Amino acid sequence: MRLRAVSLGEAVPRETFDAEIQSVFESAVNLRLAKEDRLVTVLISDQYELPQGIRIWTKDLSLRTLTPGLRAAARGGILRFDSSPLAVDLRGAPVWKCRVPQIAADMRSSVVIQGWSTAWELLNGQQRLKHTDIVADDLFQLDAGSLLYQRLGRSILQLVSAAEEFAVQAATRAAEKLIGLGPGVTPSGDDILIGFLAGLWSMAGQDPVRLSFIHSFGADLMQLARQTGEISRTYLYHAAQGQFSSRLSNLAEAIAYGKHVESMVREALRVGHSSGMDSVTGLLIGLCVWNNPSPLHPFPAGRGDGSEGKDHLWQLHTV
Amino acid sequence: MIKNLYRDSVSLMQFSEKLRALEGIAQASAVMATENNIGLLVEAGLLASAVPPSPNDLLIVVAGRDEASTGAALDSAEAMLTAKAADAGDGGVRRVIPRSIQMGLESMPSANLALISTPGEYAAAEARKALQFGLHVMMFSDNVSMEEEIPLKQYARAHDLFVMGPDCGTAIINGIPLGFANVVRRGNIGVVAASGTGLQQVTSLIDRFGAGITQAIGTGGHDLKSEVGGITMLQGIEALAKDKATRVILLVSKPPSPDVMWNVLDKASKSKKPVVVEFIGADPQTITGGNIHGVKTLEDAARAAVLLSKGRALKRFSNALPAKYKSLVKPAQKKLKKGQKYIRGLFSGGTFCYETVLLLRESLGSVYSNTPIKKEEKIPDVWKSQEHTVIDLGDDLFTQGRPHPMIDFRLRNERIVQEAKNPETAVILLDIVLGYGSNMDPAGELVPAIRQARKIAAKAKRTIVFIGSVCGTDSDPQNLSRQEARLREAGVILTDSNAQAARLAAAIVS
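Throughout what follows, the structure given in this document is the object of discussion. (Residues numbered from 1 in each chain as written. Chains lettered and ligands numbered in written order. Predicted model: local features only at pLDDT ≥ 70, side-chain atom pairs only at ≥ 80, totals over all residues. Heavy atoms only, no water.)

**Thoughts on the overall build of chain A**
Here is step 1: For chain A, the count of helices and strands is nine helices and 10 strands.
Here is step 2: Whereas a compact globule of 319 residues would reach a radius of gyration of roughly 20 Å, chain A reaches 20 Å, a difference of no more than 12%.
Here is step 3: Looking at chain A as a whole, 61% of its 319 residues are labelled buried.
Here is step 4: Surface exposure of chain A reaches about 12,200 Å², of which carbon and sulfur atoms provide 50%. (Helix = DSSP H or I, 4+ residues; strand = E, 2+ residues; numbered from the N terminus. Rg over C-alpha atoms; globule rule 2.2 N^0.38 Å. Buried < 20%, exposed > 50% of the residue type's maximum accessible area, 1.4 Å probe, protein only. Areas by Shrake-Rupley, 256 points an atom, 1.4 Å probe, with all protein chains shown as cover.)

**Things to note about the interface of chain A and chain B**
Here is step 1: On the side of chain B, 39 residues touch chain A, which itself brings 34 residues to the contact.
Here is step 2: Between chain A and chain B lies a buried interface of about 3,000 Å² when both sides are counted; carbon and sulfur atoms form 51% of it.
Here is step 3: At the boundary of chain A with chain B, the tally comes to one salt bridge.
Here is step 4: Here Arg151(A) makes a salt bridge to Glu43(B), at a shortest N to O gap of 2.4 Å.
Here is step 5: For the pair chain A and chain B, the interface holds 11 residue pairs in polar contact (both at pLDDT 80 or more). (Contact = heavy atoms within 4.5 Å. Buried area = accessible area lost by both parts, 1.4 Å probe. Salt bridge = Lys/Arg side-chain N within 4 Å of Asp/Glu carboxyl O. Polar contact = N/O pair within 3.5 Å; in protein donor to acceptor, adjacent residues only side chain to side chain.)

**Concerning the nonpolar core**
Here is step 1: Membership of the largest hydrophobic core comes to 73 residues, with the highest contact counts inside it found for Leu193(A), Phe217(A), Leu221(A), Phe244(A), Ile255(A) and Leu284(A).
Here is step 2: The residues touching Leu284(A), leaving out its near neighbours within four places in the chain, are Trp116(A), Ala119(A), Trp120(A), Leu123(A) and Ile255(A).
Here is step 3: Counting residues in hydrophobic clusters, the runner-up holds 63 residues, among them Ala193(B), Leu199(B), Val390(B) and Cys471(B). (Core = buried A, V, L, I, M, F, W, Y, C linked by side-chain atoms within 4.5 Å.)

**Some thoughts on the pattern of salt bridges**
All names here are of chain A.
Here is step 1: Per the counting criterion, the structure on display carries 38 salt bridges over all chains.
Here is step 2: The closest approach of N and O atoms between Arg108 and Asp106, which form a salt bridge, is 3.3 Å.
Here is step 3: Look at Arg108 and you get exposed, because its relative accessible area is 54%.
Here is step 4: Asp106 gets classed as partly exposed once you look at its relative accessible area, which sits at 36%.

**What about the sheet that holds strand β4 (residues 136–139) of chain B?**
Paired through their backbone hydrogen bonds, the strands of a sheet run either parallel or antiparallel.
All names here are of chain B.
Here is step 1: Reading across the sheet, the three strands line up as β3-β4-β5 and stay open at both edges, with parallel pairing between neighbours. In the strand order of this sheet, the two ends are held by β3 (113–116) and β5 (163–164), each with one partner.
Here is step 2: The pairing of β3 with β4 spans four bridges and is classified as parallel. Counted as the bridge partner of Ile116 is Met139 from β4.
Here is step 3: Docked against the sheet, helix α5 (residues 120–132) engages β3, β4 and β5, running at close to 160° with respect to β4. (Pairing = 2+ DSSP bridges. Axes fitted to C-alpha atoms, helices over the stretch in contact; angles between N-to-C directions.)

**A few points about the environment of Leu105(B)**
Here is step 1: One can find Leu105(B) in helix α4 (residues 101–107).
Here is step 2: Separated by 28 residues in sequence, Leu105(B) and Phe133(B) have C-alpha atoms that sit 8.6 Å apart.
Here is step 3: Not counting residues within four places of it along the chain, the set of residues in contact with Leu105(B) comprises Arg270(A), Ala111(B), Phe133(B) and Leu135(B).

**Notes on the layout of surface pockets**
Sizing a probe to match a water molecule and rolling it over the atoms shows the empty space that remains.
Residues and elements named next belong to chain B.
Here is step 1: Roughly 1,500 Å³ of volume is contained in the second largest pocket.
Here is step 2: Elements supplying a minimum of two residues to the lining of the second largest pocket: α7 (196–208), α14 (350–364) and α15 (396–399).
Here is step 3: In terms of residue count, the dominant contributor to the lining of the second largest pocket is α7 (four residues).
Here is step 4: Class assignment for the residues of the lining of the second largest pocket results in 14 nonpolar, 27 polar and eight charged. (1 Å grid on protein atoms, 1.4 Å probe; cavity = no way out; pocket = protein on both sides within 12 Å on 5 of 7 lines; lining within 4 Å. Points joined across faces, edges and corners; volume = space filled by probe spheres on them. Nonpolar A, V, L, I, M, F, W, Y, C, P; charged D, E, K, R; others polar.)

Pasting the structure below:
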């Protein structure tokens, strides 16, 4: 059975590569590229794009017929799998590229603030409705909640403080506490970091100080990513370079341009059990880092340094 | 620790829940064996000491009453994750049939519509949940009060979502038939209808006339009442106006409340697309103007939409019986005895029944029905016909404790036989509805009853004229052509539409 790729993520080799099947899901299969520490993902979807994605679209195929550990190889633009009749024609497929680094969101704009507030409200509503481990509103109630909550909350606050001050080493120390932390195949801490980077990239524009911070922090993060699983690592690798899934990048654009925010939030929240919600949490927090003097200020006065008290609860000021 | 084992996060969550439910287990967790997760588990007291991290492996931790319980839990965890059960599509984690909207969404995260078909008392709560999850809703359920319907629709509108229904029997979204719906070709006509069988009739006829539809949105029967304000119909018009694939919009409903009608027509006039409006029973001339084209029957609505969709000018549709049916009138009349003078309409579709009553009244005067046009024409005993009688067998009165007559033909078949015994019966008028949800062989159900009715009449030296129309397409599971052929074989005169069947019946008894 030969299928034509509908699109290819920018990071997918075009013509020739060797790989091993790393993991298999119902509608996605991860391939570990030979001699490289990253994955490419063949996924069945009508619209979901990934920087590392080879997107195919069919209703009649389960990728579970493929077996982890077996080889896959592309020659002349045709991807084939050992012991499987499936082949994917990569030739001529359009290349999808995430546009987050071009967004240059202005967080002082009332349109953006409105979009952010809508997204925040929907995110929290969904998290409460689904009884997920993390609810963004409660994340910074540092004296309450589970150990996981407290670790996440404190580390995120430290990360925010460091990013505000463009302190790369401090940001890396905070990120180290988040890497691989929490439930899920891509642990919550990783998803939050990926979303956080999407928020920073969305606001960087051409600002050299911001871009310098993101590049340095991203390089450190790629080192830290060895402490988490391969799937997370691949997403973090692309996030460091400003490349994210279409659901996350569409949401970032929707907030920045004030269009279709509600539907894009819903799309982004529907990734996995909680991965989508965790990465949207990261995105929305990331968008608030360099927003001064925007009235958006979702963080308590203390920044995880022990100074926060009961008066410093999570506050969300919007216009 | 299980090496190189990847499960999607939904499966991992279900797996952890299963472990927690085991006898003697207080806590269970399945996480990736990263340094930070191990540290967290040590701090929480779930691991006695740190183990070497291995981020690509799955770490399963259980805390329980005693070693026997935890040992058994770990054994079953490993068995669940490593063994591929025969019916497990998820590598050993058994697929759970969704028992809630949330579970459904987890197994199908890209879904954006929930179809609610529960007893009425639970439907509103389920619809609310679905909306909160960001899903559009089709409420197939009936018996939902307007007090419940209104806030649901208001919430949906505020969040750019649709609530189709309650009591929405039919919709076709992105080519997918929902509820009772026909398999029709895709095209450039968008439909919004407050009537299930009305929607089926226009979409089937559009298909028969060689065109197709983009979306067919059901609103539910209450939508155009003043209290609800036509929320779904207005949303539907707006959505179709924005939809690039839709060239023509077609609206179907009984006449709305006057205030709602004004809003609907106002919205339609602003759509900048041709809009065909069939407010069944309303005078088309009072509706027509600008881009809005009022029509009188469901068939005219389909014809008008098809003409406009092909860029052709609209013609005025005639109320007269087409020539191909006129030739059938005299031969049928010759078969009738002197005392046979009444029509007995036995309908499964509410809108077909209503349209028939309207058309028969134009030439025959009073028509008795359980859905009468005038109060004084309400039939006193629904089980017994008098003069011209047209019955909607889908009325709640007939469906309590039994399936809808589109599915279960027993009640209609009994009534056919009953009408055949009546010496005043001249014509038995029927609708036959195909498509998903309906009986898989309506002709097979009806023909024995028709034959029995003929025998009864023949014994009394009478002949009964059977007239009907089949609503459906050749792509429907029942196949229109096959169903029509079998009904014609049984002597049923078939017309292309419900309106033509009513007009032919009226011409025969006039």
